[in-house]
Every structure is written in C-alpha cells, then in structure tokens.
Amino acid sequence: MKENIRKHWPTPKNPLAIISSNLQYRHMRLRSTAIHAMRQATSKYASFQNLKQGFVNLDTLLARGRHSLAAHLPGLIQPQPALLTVAITARCNLRCIGCRYGRDFMPNQQLPLGTVENLLVDAREAGFQTVRLYGGEPLLHRDLPRMVSAACRLGIRPYVTTNGILLADKIGALYEAGLRALTIGFYGTNTAYDEYVQRRAAYANLENGVAAVRDRYGMDIQIQINFLLTTLSCRVSAVEEAIQFAERHRTRFQVDIAHYSLPYFTEGIDHQLQFATKYRDSLETVTKELLRFKDRRPDLYPESHASIRSIPHWAIKGRAMRVPCTAYRMIWVGADGTVQLCYVTFNLGNLHKTRLKDMLFTEAHKQASRDAFALNCPNCHCHRDERIRSHAASQQTYRQ
C-alpha cells in the first residue's frame, strides 16, 4: 500500500531532496511564527496597525513582482503554505440550489477528530497560519470546538464558515474553545433566502444566530457575510439589503460569484444561476453600488477597488478570465480525507492513507503550484481579490 501511495504522490527519496524538504519546513515554520507574533502585537496595540498594513502592502508588492517574473521563469512559483481549508463534514442542514453538499457530494463523509488533530500538527510544522473549518455545515460536527481548540494551541488562527442556522446554540462552546472569526454564506434576505436554501424560516434563524453572537460577545468575534452573486441576486435591491444586514450587525462584507468549476457547486436547474453576456448591464449597475459602499464603509468592505471593478468580467468570462492563481499558498482537504492544492483540482493524496507532511513540498506539490499559477486547470475565481492585487496587468486594467 505504501509503495502505491509513493507511486502516485511521490516524496523526496535522495538525501539532498530530503534535506531540501526539511529546510523548506523550517523556513515556513519560522515565517509562520513571525507572522503569528506580529498578528498578536498588532491586535493588542492599535498603534501597530499601520505597521501591520505596511507589511501587507509589502507582501503584495513582492507577490506582484514575483508573478511578473514567473510568467517567464515558472520555477519562481513554489509552495508557500498559508491557508489550510478543511471540509470537516459533508453533512448539511440546508439544501441550497447551488450546492451538492448534503446530497450527492461525498455523502455521509466526515473527518474524525484524530485525523484533524494530526492534520493541524503537520500544518503548523509546514508554516500554515490560518485554517478554515467548513463543510457541509461544520456546526453539525460534534468535535468542532475541540478542533478549534487544537488549532489555537498550535498557534494557527481558526475561522469557521457556516450557514449560521445553529449559531445561537453553538457559539458558546466555540468561543470558549478560542474561536474569534466566522464567515457566513448570505443568499438574500427573508423569502429570497428561504427559497434559495429550500428551508422555511431559515433566514430568521440565521439573523437570530448573528444577533446572538453580537449580544453575547460584541465585536470580540469577527463576522463576515459572503454575499453570493448569481442571476437571482444580481439586483441593486438585493445588494442594498445585504449591505443593510452588514451595517445592522456590524459584519464585514464579501462578494462571492456563482461558480462554474467547483465540484461541490452547481449552476442550478438549466444553469439558472450562471451569468451570460445579457447580464452585463445588471452586473455593471451592481458593481457601481458595491463601489459606493466600498467608499462609504471601507472598514466593512475590504475588497480592493480594482477587484470590485473586475467582478463583471469574472462573472461573464468565466474560464476565459486569465489572472494567475495564488493557490500555491493553500491546501484543500475534503470530508473524505482527499487532499488537493485547491478547491477544484490537483489531487495530492488522502489523509486516511498518508500524513499531510508527506504530501507537502514534494515534486507533485511543486508542479501543482506552478500549474495552478499558469491556469493549467479548469480555472475559477477563488481568491479573486488576492489574484487581482498580485497581478500587474490587472492593476492596470481595473485601476479606473
């Protein structure tokens, strides 16, 4: 069995390769420790916030330069672990029109606590700074608080992506475990939300959950709503309602666009959620509203102006939108143990057969990083803002 795994997901075999791999682990761990220390300092002392932003801006400039050179020197793109995304369960209590979780995507699959704990240990050694725990609906996993606690002990910042329906009941244990950040899928308000998730009173439960978090913990927990932009929600009124929700509950705001390549998303019946050229005017109108919100409340809407302006192109061009990918900074883990470079593709192995540490910094991992950057893949619009910020040509295109 071990030889079969090695065959498909090779690891370094000669001494020099092993030494190189170990050095990369040590380098990334030192980098992670430094970033973690900086995060603690900047969160504790308000006077350091400008310094923190300076580091972020410097990192963006360096990435932009590296991406420009990598177009001619692909070898410059190497794995740089930062974000670990883990679908801890495929179970879900909603039946969203655009999602396969809870139905035919990895049905009944769920990661055991021990597997996730080992995964986090390996992630810490590799230099990951953040772990996203999601699903499915992660609040359905009874061991989620223990996973959050394990991440905090290791110095990895956890955040949970949830539909929010169970927040009022679950947030206490999660807060005690150390959770301080949530992201929530947002599909409209009232009837529009209930119809999309195909559950009665779901929106009321979502808003009650968010209100409960704010009532109990104030701003000690960062909340972000991820507004899903589809043909059904591409209206100024829908955007205004989402913005009002964000301002009412003091949440950050993000826009996600209907997907075409994620294996666990669908485009709805007869592709009803997916954009086509005929939606260009609606997309432009919505984008203008988003830009106004950005100018008025940059504290709630951190996406860059350039990235916001690019939304109509991402929505209509789909796979033809050629902006280099930054997936070399992440790893995705599915509820069945599958490990991939990103949400869409580049399979590296399975946690039920081998540890994460034996999949990282291998030739397969490095090649996947380069292929993702070069868009030798189904392409997607994940991490849209980061990709636009790191791409000099896109900065020029969407400056105004």
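Structure: see above.
Below: a short report on this structure. Because the structure is a prediction, the values reported are computed rather than measured. (Residues numbered from 1 in each chain as written. Predicted model: local features only at pLDDT ≥ 70, side-chain atom pairs only at ≥ 80, totals over all residues. Heavy atoms only, no water.)

As a further point, take the environment of His249. By the element assignment, His249 lies in helix H9 (residues 236–249). Separated by 42 residues in sequence, His249 and Glu207 place their C-alpha atoms 8.9 Å apart. Sequence-distant contacts of His249, defined by excluding residues within four places in its chain, comprise Glu207, Val210, Ala211 and Arg214. A distance of 2.7 Å separates the side chain of His249 from the side chain of Glu207, its partner in a polar contact. (Helix = DSSP H or I, 4+ residues; strand = E, 2+ residues; numbered from the N terminus. Contact = heavy atoms within 4.5 Å. Polar contact = N/O pair within 3.5 Å; in protein donor to acceptor, adjacent residues only side chain to side chain.)

One way to put it is that helix H5 (residues 144–153) packs onto helix H6 (residues 167–177) with a least axis distance of 8 Å and a crossing angle of 20 degrees. As the angle between them shows, H5 and H6 are arranged roughly parallel. Crossing angle aside, the handedness with which H5 passes H6 is right-handed. Residues Leu144, Pro145, Val148, Ser149 and Cys152 of H5 touch H6, and the partners they reach there are Ala173, Leu174 and Ala177. (Axes fitted to C-alpha atoms, helices over the stretch in contact; angles between N-to-C directions. Parallel < 35°, antiparallel > 145°, perpendicular 65-115°, else oblique. Left-handed = near helix turned anticlockwise from the far one by under 90°.)

Spatially, E6-E5-E4-E3-E2-E1-E7-E8-E9 is the arrangement adopted by the nine strands of the open sheet, whose pairing is mixed. Across the chains shown, the open sheet's two edge strands, defined by having one partner strand only, are strand E6 (252–257) and strand E9 (347–350). Each adjacent strand pair in this sheet contributes to an overall mean axis angle of 20 degrees, direction not counted. Across three bridges, strand E3 (residues 157–162) lies against strand E4 (residues 181–186) in parallel orientation. (Pairing = 2+ DSSP bridges.)

So, about unusual backbone geometry. A cis amide bond links Gly135 to the next residue, Gly136, at an omega of 25 degrees. Phi is positive for Phe361, which is not a glycine, with a value near 60 degrees. Relative to the helices and strands, Phe361 resides in the loop between E9 and helix H13 (363–373). For Phe361, a relative accessible area of 2% translates into the label buried. (Buried < 20%, exposed > 50% of the residue type's maximum accessible area, 1.4 Å probe, protein only.)

Turning next to the packing of aromatic side chains. Tallying each qualifying case throughout the model produces 18 aromatic pairs. With 5.7 Å between their ring centres and 85 degrees between their planes, Phe275 and Tyr279 make a pair best called edge-to-face. Accessibility expressed as a relative area gives 6% for Phe275, which makes it buried. Relative accessible area serves as the criterion here: at 22%, Tyr279 is assigned to the partly exposed category. Among the aromatic residues, those joined into a cluster by ring pairs are Tyr101, Phe105, Tyr134, Tyr264, Phe265 and Trp332. Geometry around Tyr134 places Arg132 over its ring, the cationic atom sitting 4.0 Å from the centre. (Phe/Tyr/Trp six-rings, centres within 6.5 Å; stacked < 30°, edge-to-face > 60°. Lys NZ or Arg CZ within 6 Å of the ring centre and 35° of its normal.)

Here the focus is the pairing of E9. Here strand E8 (residues 338–340) runs beside E9; their pairing, made up of three bridges, is antiparallel. Counterpart to Val339 in the pairing with E9 is Gly349. A loop of six residues connects E8 with E9, the two strands running antiparallel in sequence, and Phe346 in this loop sits at a positive phi of about 65 degrees.

Another point: the environment of Thr285. Position of Thr285 among the secondary structure elements: in helix H10 (residues 280–296). In sequence terms Thr285 and Arg235 are 50 residues apart; their C-alpha atoms lie 8.1 Å from each other. Side-chain polar atoms of Thr285 contact the backbone oxygen of Asp281, separated by 2.9 Å.

Across the interface, helix H8 (residues 202–217) lies against H9 with an axial gap of 10 Å and an inter-helix angle of 30 degrees. Taken together, H8 and H9 sit at an angle that is classed as roughly parallel. For the pair H8 and H9, contact is made by Tyr203, Glu207, Val210, Ala211 and Arg214 and by Phe245, Arg248 and His249, respectively. Partitioning the contact of H8 with H9 into residue classes produces four nonpolar, one polar and three charged. (Nonpolar A, V, L, I, M, F, W, Y, C, P; charged D, E, K, R; others polar.)

What follows covers the pattern of salt bridges. Side chains bearing opposite charge may pair, as long as their charged atoms lie close to each other. Within the structure shown, the criterion is met by 13 salt bridges. Salt-bridge contacts for Asp220 lead to Arg180; the nearest nitrogen and oxygen are separated by 3.7 Å. With Asp220 in the loop between H8 and strand E5 (222–229) and Arg180 in the loop between H6 and E4, the pair connects residues that are 40 residues apart, well separated along the chain. The shortest N-O distance in the salt bridge between Lys366 and Glu363 comes to 3.8 Å. Of the two residues, Lys366 and Glu363 both sit in helix H13, three residues apart, roughly one turn of that helix. The class of Lys366 is buried, set by a relative accessible area of 12%. Residue classification places Glu363 among the exposed positions, given a relative accessible area of 51%. Linked through salt bridges whose partners overlap, the residues forming this network are Glu247, Arg296, Arg297 and Asp299. (Salt bridge = Lys/Arg side-chain N within 4 Å of Asp/Glu carboxyl O.)

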